[in-house]
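So the chains spell out like this:
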Amino acid sequence: MNTILKSVLLSIGVLFLLYLFFQSRHDILFHLGRTNLAFLALSLIVALAGNGVQSLLFRDLMKKYGVPLDGSRALRLFFYGQIAKYIPGRVWSVIMQRMLIDRGGSLMALVHANIDQMIFSICIMSLISLNFLAAAGEVTLLFGGTLVAAGMAVAMMKSRTMARVTRRMIRHFRAHETIACQEYGFIDGGRITSYFVVNLISALAAYYLLFYAVFGLGLRESAFYISCLGLAWLVGAITLVVPAGIGVREGVFIALARYAESELQTELLVSIAVIVRCWVILQDLGGAALIYFLTAWKSGCSSTPAS
């Protein structure tokens, strides 16, 4: 029943996106027609680099829960999991990742690692939603928010708090189920901090490059929209029933931006919402495709007999 509900909501979200595109297709095509392709490509490269850093965090989280991974397998698990999040039912990312690991106890390790990774992303996007402070000159508040978000990310990634909460919940609902997950090892705090800083910078840079490439906006103009997008992402993450927050984030972004600045044109907001969603999907598809071809190329090279 839950999967059916999510399938219905995903369909509604997709139809809502199509409706937005149809209503503002002339404006969307206008912006796409004057896009700076070089900066658009650079925004995608920077965003993919940030996702690559998240895959390194994912590798360390799996090791923290007793399932060490090499770098190439961690990349596959992370980027393939990004594609599976669009399938109704939150378990599909974990199921796809589990198919790539042939090791006992890996299922719960994957569950815990994905939850920790979501918390890390929430900390990053919370800061992005405060990006308007930079445009307003509130550097002190922004710096304080950065310290708080970074501290929370480091504390949560080092601890096993969410893992314990998750296991208690599973035992409560499935009392007779055996839950195996070894726990040993901690992630170095300095390493988590470096992941946090690099991922935050890459995410912000990618957004700014996108707005400059497609809409020709400068730093101050882009900051407002990026903040609204960050808040919309957080709302989409909370509404777990909608796969990848499709439709929810776009609707929330338009409503927030119109509430904050009533003089903004709806057509521009719709164009931003639709183009950003397509940009994110392109990141996910491009990252998974890149890892797939690199893996295939590496396998082909290793299987080629030496002359």
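Residues numbered from 1 in each chain as written. Predicted model: local features only at pLDDT ≥ 70, side-chain atom pairs only at ≥ 80, totals over all residues. Heavy atoms only, no water.

J.: Pulling in residues and values, what's your account of helix α4 (residues 71-84)?
T.: The terminal C-alpha atoms of α4, which comprises 14 residues, lie 20 Å apart, in line with the 20 Å expected from a rise of 1.5 Å per residue. Considered for burial, the residues of α4 that qualify are Ala 74, Arg 76, Leu 77, Phe 78, Phe 79, Tyr 80, Gly 81, Gln 82 and Ala 84. (Helix = DSSP H or I, 4+ residues; strand = E, 2+ residues; numbered from the N terminus. Expected span 1.5 Å × (residues − 1). Buried < 20%, exposed > 50% of the residue type's maximum accessible area, 1.4 Å probe, protein only.)

J.: I'd like to hear about the packing of aromatic side chains, residue by residue, with values.
T.: Applying the stated criterion across every chain, the model contains 8 aromatic pairs. Seen in terms of ring centroids, Phe 78 and Phe 79 are 5.4 Å apart; in terms of plane orientation they differ by 85°. Their pairing is edge-to-face. No difference in accessibility class separates Phe 78 from Phe 79, as the two residues are buried. Ring geometry for Phe 211 and Phe 215: centres 5.7 Å apart, planes at 35°, overall tilted. One end of the pair is Phe 211 and the other is Phe 215, both in helix α10 (residues 189-215) and 4 residues apart, which spans about a single turn. (Phe/Tyr/Trp six-rings, centres within 6.5 Å; stacked < 30°, edge-to-face > 60°.)

J.: Now, about the side chain of Asp 116: what can you tell me, with residues and values included?
T.: Position of Asp 116 relative to the elements: it lies in helix α6 (residues 106-129). Asp 116 sits in the buried class, given a relative accessible area of 1%. A distance of 3.1 Å separates a polar atom in the side chain of Asp 116 from a polar atom in the side chain of Lys 64. (Polar contact = N/O pair within 3.5 Å; in protein donor to acceptor, adjacent residues only side chain to side chain.)

J.: How would you sum up the pattern of salt bridges? Please name residues and give values.
T.: Evaluated as defined, the whole model comprises 4 salt bridges. Asp 60 is paired through a salt bridge with Arg 191; the nearest N and O atoms lie 3.2 Å apart. Linking Asp 60 in helix α3 (residues 37-64) with Arg 191 in helix α10, this pair joins segments that are 131 residues apart in sequence. Given the relative accessible area of 7%, Asp 60 is considered buried. With its nearest N and O atoms 2.6 Å apart, the salt bridge here joins Arg 277 to Glu 250. Of this pair, Arg 277 sits in helix α13 (residues 266-303) while Glu 250 sits in helix α12 (residues 248-260), placing them 27 residues apart in sequence. The burial state of Arg 277 is the same as that of Glu 250; both residues are buried. One connected set of salt bridges, linked through shared partners, spans Arg 59, Asp 60 and Arg 191. (Salt bridge = Lys/Arg side-chain N within 4 Å of Asp/Glu carboxyl O.)

By themselves, these are just geometric observations and shouldn't be taken as functional.
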